[in-house]
Every structure is written in structure tokens, then in C-alpha cells.
Amino acid sequence: MNIDRRLFRLIREEKRPFIFSAVSGAAASILLIAQAYCLSRAISGAFIERSGMAGIVPFLGYFALVTLLRMLCNWITHVKAAEGSIVIRERLFGRLVSRIADLGPLYARSISSGRISATMLKGVEALDPYFSSYIPQIFLALFTPLLIVAAILPDDWLSALILLLSAPLIPFFMIVIGKSASAVTEKQWKSMSRMSGQFLDILQGLTTLKLFAQSARQRKSIEETGENFRKATMKVLKIAFLSSLALELVGTIGTAIIAVSIGTRLMENRLSFRQALFVLILTPDFYLPLRQLGTKFHAGMEGVSASKEIFAILEEEIAAAPVRPSVGAENPETGGIVFSGITYAYPGATVPAADSVSFTIPEGRTTALIGPSGAGKSTLINLLLRFLEPSGGCITYKGTPIGEIAPETWHNLISWVPQHPHLFNATLRENILIAMPGASDQMLQNALQDSGLTDVVQSLPRGLDTIIGEQGSRLSGGEAQRVALARAFLKNAPIIVLDEPTSHTDPELEALLRSSMKVLTKERTTLIIAHRLETIRNADRIVVISGGKITGSGTHEELIGTDGFYRHALHLLQEAAA
Ligand code: ADP
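Small disclaimer: the values here were computed from a predicted structure and weren't measured.

Definitions and cut-offs
- Residues numbered from 1 in each chain as written.
- Predicted model: local features only at pLDDT ≥ 70, side-chain atom pairs only at ≥ 80, totals over all residues.
- Heavy atoms only, no water.
- Buried < 20%, exposed > 50% of the residue type's maximum accessible area, 1.4 Å probe, protein only.
- Helix = DSSP H or I, 4+ residues; strand = E, 2+ residues; numbered from the N terminus.
- Pairing = 2+ DSSP bridges.
- Arc of directions from axis to C-beta.
- Core = buried A, V, L, I, M, F, W, Y, C linked by side-chain atoms within 4.5 Å.
- Patch = residues over 30% accessible without salt bridge, like charges linked within 9 Å, V, L, I, M, F, W, Y side chains within 5 Å.
- Areas by Shrake-Rupley, 256 points an atom, 1.4 Å probe, with all protein chains shown as cover.
- Salt bridge = Lys/Arg side-chain N within 4 Å of Asp/Glu carboxyl O.
- Expected span 1.5 Å × (residues − 1).
- Contact = heavy atoms within 4.5 Å.
- pLDDT = per-residue confidence, 0-100.
- Axes fitted to C-alpha atoms, helices over the stretch in contact; angles between N-to-C directions.

Caption draft 1: Structural view of the pairing of strand S7 (residues 495–499). Most of S7 sits inside the fold, with 5 of its 5 residues counted as buried. Where strand S6 (residues 414–417) meets S7, 4 bridges bridge the pair, whose relative direction is parallel. Paired with Ser-415 across the two strands is Ile-496, which belongs to S7. Examined bridge by bridge, S7 and strand S8 (residues 525–529) share 5 bridges and lie parallel to one another. Within S8, the residue paired with Val-497 across the bridge is Leu-527.

Here is the structure:
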């Protein structure tokens, strides 16, 4: 019957509007019977019993009143169901957002962003007909026909029996057709979701595609996906029309049989005109809710298909942090962050990206992490930020394994300044304030000052209230990084994780950026992925990583005397600077 257990659980959590909707739907059905009764009395009074105006007018009056009340009940039924649908969808959307946040940025990167956004927007939207029409209709399709049978039973048991016997044909057809429809609708949903993903991907990479003269090929591929989607949609429509036809047929044939049977008995005087009219008025209304259920079944099915993607995200496992004994307690440098034997391999990888990595980031000092591309630097940062969970070893902060610290508490202790910070399509003020939404104006001004953004703000047309556009398109790379620094100054966290910019922009701006970074990292526990000789030299400690393993650590003076990557790297950096 297309009632997904997980979707039904959502209704149970928010049942009040649905109960209201069901009660007023039931009241509308009772009023429908009253309407048929008043009408049959009025018509039979006028044409058969010839009871005059006094016998007709009261029934016409009741009929008008009952019609008004029924309209009101129908309105409440729809409004309440729509209200329930809105509340559930809002809640679901909120859960999806927080789930994706819990799963972390690596999950968001692991599946296409187009698929996520299609699920979050279209998927949640597709549930509206399921909750606001399909579920209330299931109740009405069960309640109203039974009520009509009970109402006509005293007057005409034969018609009641015909209705009861023909009714199961409708659910039977629905199930037979629904079985094939389910697979087709799912295919349609998947191809829509694939198309959104592909479209977004192409849109984001348009510049690259243009430069490589690949846009025509991509257009063809989009055309193919679009054609598949069209075919899937046509199949769904074909099945929907077929099912409507079958259901109409059952309803029409049922009504015809009853009309013939009533007509015969009327002629033989085995049934009064009022009784016959009452039954005949109600007969189409017996089939109507069942036929409507058939129509809404397809809209409901789309919701069920969409919900599979939604629940796939909601039920995605978050890698549980293995709790390990605190090893940092024995370490003399327990004040800082200690990596002890950290191992991590990406799913499917044969070699670990971090292989028994052990090193210390001393409290209040700056540690530079250096190594060639692909050495495992970002992996270590993601492990430290807890976006990845190690398969072996332990990271401790002040002696406590970070796995034992609540993720929000841990993230509150860290400011992360990436090379390419994400800027939201919002004002500059909002982009900075995400670090501390309740910050005072003075705090914000200080952060702007410290990060060297004051001049940038003055040059913007609306200052802090300028929308900096999607991906911060109005800001240069250096300015975007200063926004990330402003966020870090505002957050004022004790730990800083910084990915030093590699791009050599304007030397003056670069010096400004570096001096801001110096202020930010002063007396804070800092891990910096360093690319510049000066940064490496000035660090209190240097850790060298290569192929996922630590190949050296110490101060500049200590490392310079040793062979290996550090000397080689310094040589390369010096060459680059020359
Ligand atoms: P670095 O930051 O030093 O350039 P990374 O930590 O990004 O290095 O990468 C370390 C190794 O892990 C590389 O061999 C890289 O190919 C691999 N790697 C990085 N990210 C992923 C991922 N999401 N899935 C699979 N392998 C990855």
C-alpha cells in the first residue's frame, strides 16, 4: 500500500494535524450522506409525494447548510494535512542538514553535491504530495466507502452487497499496476538525481571545460541523460494513465450495474423512489475516494522513491570514534597535541595515507608540517579535525584523547584557516560572523583590523554589508584568505590549524598576510602546513612527512644538519625564491 515504515514514523512524531485532518475528513463523509438524504427527500417530495413547498423547503435549507458545513470540513482536512506536511518536511530538512554536518566535509565531497542538493530540495519537496494528499486519502478511501455501505444497507442491501463486492477490484488493480510503477518511478527519480548532479558538476567546472574545448561533448552527455529522464517520465505517465483508466472503468461499471438493478426494482415497486435516489446519489461517491487514491498513489510513490535517498543519508554510518586509553599522560609534553602511532588508510587504498605517525605539537608554539604533495599532510589535518577517524593510534590534547571530547567542544577549540576558504553567498559581515554570531561591533572591528581587512571593507560599495557573491567572487584569493583570518581572530580559539598560501601574489599584500598570521599564531598551539622558507625557519618545531611516514622532526638547526627531505626541500624552496 506504499506505506513506508520510516515515513509513517515521521507522521507518528507529528500526528496532531493528521488526526485533525482525519476527523474533519470523517465529518465531511458523514455530511455527504446527510446531503444525499436531504436531496433525495427534497426531490422525492417535489416530484413523487407532491408534498408542496412546506415539505420541500426545509430539506433544501438543510441541504444548503450541510453543503456549507461539508465545504468547511473539506477545507480543514486539506489545511491540516498541508500543515502536517510542512512541519514534517521542515523537520526532515533540519535533520538532513545536521546529518550532513555530522558526516563532515569528506562525506559531502565523497558523493556528488548535485545529488545531495537534489535530495535536500527536490527530494524533501517530493514528499509533500505523500503527506498532504496520499496519506489523508488512504484514510478516506477506507472510511468513506464503508460509511456509505452502512448508510444504504437499511434501504437497499443488494446495492450495498454489489458495492462491497466490486470495491476490492480497485485496490487489486492498484497493487498490480503499482508493482510495475514502483520500479519505473524509482528509475525516474534516480535519473533525475543523476541529471542534477551532472548539471551542477558541469556548471561548476564550466571554465575548465571551455578551456579544454570539452563543452560540446558535455552538452551531448547532458542531452543523453535528459533523454533517459524523458523516457523514464513517459513510462511513469503511461502507467499513471493506465491505472486511472482501469479505476475509472471499475467505478463506471459498478455504478451502471447498480443503476440497472435499482431501475428494475423501482419498476417492480420493490424500492421507493426516495430510497432509489438516495442509493444512486451515493454510488459514485463510493468509488470516488478509491479512484482518488489511485491518482494520488503515483504522487505518493514519487515521495517514497525520493525518501530512499533521504533515508540513505540519514542512516549513513558515522565512523564511531574508538575510545583508547590516554597515552599522553606519560608524555612530558602533554600540554600540546600528541599524535601517537596514528594510522589511516582511505577505503580501497592499498597503502595507508598515514602510517604509524607520532609527533607532538607543543602548547603555545608553532609547529610547521612540511612534505611533498601527496605525503599525507591534509590527511593528518583531517584526522586532527576529526573529519576522519584513525584505524590505529591516538591523538591527545592536554592528555585527553580527542575521541573522548564531544565534536562540538573540540571544534570550538580550533580555528582552521585553509588555503581556499569557503565564502558563502552572503554579506561580508555574515561571512565573518559565522565564527561568532553574537560578536559585538568592536570585536568585529578588531578582527577586521588584525586581519588587514579594513581597507578592503572601505573599498567595497556597501562596506561590510556588501554581498560577496557565491564563492566570494567579488574578493581576490588573498582577500578571501584574510576573511578566514578574520574568522579565526574572532573565534579566538587556543588551537590554530593553518594551510599557508602557496600563491605568490603582490609582495606587499603577502607581507600583510604573513604579519597577520604571525599575530594570530602567537602563543597559540599552532600547526601550519608550511610552504615558505621563512615560515619553516621561524617555526618552533618542524615535522617532515613523506609517503605517510614522519621522516624527521626537530628545530631548523637540528634538521639542517641531517640528510633527507628537509635539506632537499629547503634547497628547492631557496631555488624557487631566487
Ligand atoms: P598532501 O596533503 O600532503 O598533499 P594528502 O593527505 O592529500 O597529501 O594525501 C595523502 C595520500 O592519500 C595521497 O596518496 C592521496 O592520493 C591519498 N588521498 C587523499 N585523499 C583521498 C581520498 N579522499 N580518497 C582516497 N585517497 C586519498
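Caption draft 2: Molecular detail of helix H1 (residues 5–13). Burial in H1 covers these residues: Leu-7, Leu-10 and Ile-11. Buried residues in H1, looked at end-on, bunch into an arc of 100°, giving them a common side. With respect to the buried face of H1, the exposed residues turned more than 90 degrees away are Arg-5 and Arg-12.

Caption draft 3: Main features of the nonpolar core. If you look at the biggest cluster of nonpolar residues, it comprises 58 residues, and the most contacted ones within it are Leu-7, Phe-131, Leu-282 and Phe-286. Looking at this core, the elements with two or more residues in it are H1, helix H2 (15–47), helix H3 (52–103), helix H5 (113–152), helix H6 (157–166), helix H7 (169–204), helix H9 (215–267) and helix H10 (273–314). If you tally residues by element for this core, the top one is H10, at 15 residues.

Caption draft 4: Here's a closer look at a nonpolar patch on the surface. Together, Leu-65, Leu-69, Leu-72, Trp-75 and Val-79 make up an exposed nonpolar region whose accessible area comes to about 490 Å². Mapped onto the elements of the fold, Leu-69 is located in helix H3.

Caption draft 5: Focus on helix H16 (residues 477–491). Compared with an ideal rise of 1.5 Å per residue, which puts 15 residues at 21 Å, H16 spans 21 Å between its outermost C-alpha atoms and is within 8% of the ideal. For H16, the tally of buried residues reaches 12 of 15 residues, placing the bulk of the element in the interior. Residues Glu-479, Ala-480, Gln-481, Arg-482, Val-483, Ala-484, Leu-485, Ala-486, Arg-487, Ala-488, Phe-489 and Leu-490 constitute the buried set of H16. Lining the buried residues of H16 we find S6, helix H13 (428–433), helix H14 (441–450), helix H15 (454–459), S7 and helix H17 (507–521).

Caption draft 6: Highlighting the confidence of the model for the protein. Mean pLDDT over the protein works out to 84, with 90% of the residues at or above the 70 mark. Between the elements of the protein, mean pLDDT differs from a low of 65, seen in helix H20 (residues 565–577), to a high of 94, seen in H2. Low pLDDT, under 50, characterises residues 321–333; the stretch is placed with 28 contacts to residues that sit more than four places away or in other chains.

Caption draft 7: The arrangement of the sheet that holds S6 in detail. Reading across the sheet, the 6 strands line up as S6-S7-S8-S3-S9-S10 and stay open at both edges, with mixed pairing between neighbours. Both edges of this open sheet fall to S6 and strand S10 (549–554), since each of them pairs with a single strand only. Neighbour to neighbour, the strand axes of the sheet diverge by 15° on average, direction disregarded. Bridge count for strand S3 (residues 366–370) against strand S9 (residues 541–546) is 4 bridges, and the pairing is parallel. In the strand pairing of S9, Leu-369 is matched with Val-543. Most of the contacts of H16 go to S6, to which it runs at about 175°, and overall it touches S6 and S7.

Caption draft 8: Quick peek at the sheet that holds strand S2 (residues 354–361). Taken together, the 4 strands give an open sheet; going across it, the order is S2-S1-S4-S5, and neighbouring strands pair in antiparallel fashion. Because the sheet does not close on itself, it has two edges, and the strands there are S2 and strand S5 (400–401). Alignment of strand S1 (residues 337–344) against strand S4 (residues 392–397), held across 5 bridges, turns out to be antiparallel. The residue bridging Ser-340 from the neighbouring strand is Cys-394, located in S4. Its contacts with the sheet place helix H11 (residues 377–384) against S1, S2 and S4, and it is angled at close to 115° to S1.

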